[in-house]
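# Structural features, examined
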Amino acid sequence: MTFQLDPEVAAVLAQLADVSGPMPTPPAAGDVTARRLALNAMLEHANNVAQPIAPDVEITEHTVTTADGVALRARWYRLPTSDSQAAVLYLHGGGMILGSVPIFDGTVSRYVARTGVPMLSLDYRLAPEHPHPTPVDDAYAGLQWLTAHAGELGVDPARIAVMGDSAGGGLAAGVAIAARDRGGPAIAHQILVYPMLDDRNTVPDPELVPFAVWSYDDNTTGWDALLGSGHERATQVDAHAAPARLVDARGLPPAYIEVGQLDIFRDEDVRYALTLSHAGVPVELHLHPGVPHEYDAIAFDTDVARRAQADRYRVLRAL
């Protein structure tokens, strides 16, 4: 079997390679610091520089206090001309070890500008300084805050969704499970964009290695930081941290899941869609051919990226 990149995506990657020159040697597995330096800069450029932050979106600062008394930064993005009463808790990507609310300002503001649905983006604490359960507990605190402040924000608490990309998609899935297990708050929908779900995904698939924007070494680094070394061999891992470990998916909110065919998260995301579907949870699944992880941020003006974004906008507007 031979996989091929989508031609438009391949052309963009080739142009980037011409401009940036030879790729630097990837950091060794376990090197969180080097990944933060390189990938935070890459995400900042892709999300906030290559594409403009939506100028018509109003951004206000808030503080979410966690169960252990820590104050977390949260940003509320709204389109003043929109009368939408839905809302989204947005959780940024970064492999559980990097990323921040400001780095994803552009991404979130564009969703809000193009759908009218306001979003709360939360600066959850990162591993390894804050391993599981801190990140998902922070996300749960964000959900509680958004629900408690729904009235003053003009939000219907029955129309609150969770959304995230990559690690943020995994956290969105995890907080949906946590909310079910803890008796609320209710979640109307979970929107999972190439989510990071399975801590056991550390053995390279040679067919995917050449296309791995987020590599197997990256994935091992992220999961080890969150769960500690040896987690992948454990028979019991909390599904709030690794939703692919979930056994019983009954009672979870409807899900939108998408992933690229050349993404190392492909198999776990498709399996998770089946886990939800077998439990009677409504699922919309998109498997985009010929694209790797983060293709829509890297090659945002390609046909496949535009189609994926259009699907996300449709699901958000339907809230």
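Up top you'll find the structure we're talking about.
Conventions adopted
Residues numbered from 1 in each chain as written. Predicted model: local features only at pLDDT ≥ 70, side-chain atom pairs only at ≥ 80, totals over all residues. Heavy atoms only, no water. Axes fitted to C-alpha atoms, helices over the stretch in contact; angles between N-to-C directions. Helix = DSSP H or I, 4+ residues; strand = E, 2+ residues; numbered from the N terminus. Left-handed = near helix turned anticlockwise from the far one by under 90°. Contact = heavy atoms within 4.5 Å. Nonpolar A, V, L, I, M, F, W, Y, C, P; charged D, E, K, R; others polar. Pairing = 2+ DSSP bridges. 1 Å grid on protein atoms, 1.4 Å probe; cavity = no way out; pocket = protein on both sides within 12 Å on 5 of 7 lines; lining within 4 Å. Points joined across faces, edges and corners; volume = space filled by probe spheres on them.

Glancing now at the packing of helix 3 (residues 105–115) against helix 10 (residues 303–317). Packing of helix 3 against helix 10 brings their axes to within 10 Å, and their N-to-C directions diverge by 65°. Crossing angle aside, the handedness with which helix 3 passes helix 10 is right-handed. Packed against helix 3, whose contacting residues are Tyr 111, Arg 114 and Thr 115, the element helix 10 presents Gln 309, Arg 312, Tyr 313, Leu 316 and Arg 317 at the interface. Partitioned by chemical class, the residues of the contact of helix 3 with helix 10 number 3 nonpolar, 2 polar and 3 charged.

A few words on the sheet that holds strand 3 (residues 87–91). What the 8 strands build is an open sheet, ordered 1-2-4-3-5-6-7-8; its pairing is mixed. Two strands bound the open sheet, and with one partner strand each, they are strand 1 (58–65) and strand 8 (283–288). Here the average twist between neighbouring strands, direction ignored, is 20°. Along the sheet, helix 6 (residues 167–181) makes contact with strand 3, strand 5 (160–165) and strand 6 (189–193), crossing strand 5 at roughly 145°.

What follows concerns the layout of surface pockets. Gaps left between atoms are located by rolling a probe of water-molecule size over the structure's atoms. Size it by volume and the second largest pocket reaches roughly 280 Å³. Lining the second largest pocket are 20 residues, and of these Gln 51, Arg 110, Asp 296, Gln 309 and Arg 312 sit closest to its centre. Put simply, the parts of the chain that give the lining of the second largest pocket at least two residues each are helix 3, helix 9 (295–298) and helix 10. Per element, the largest residue contribution to the lining of the second largest pocket is 5 residues, and it comes from helix 10. Here the residues of the lining of the second largest pocket are counted per class, giving 9 nonpolar, 4 polar and 7 charged.

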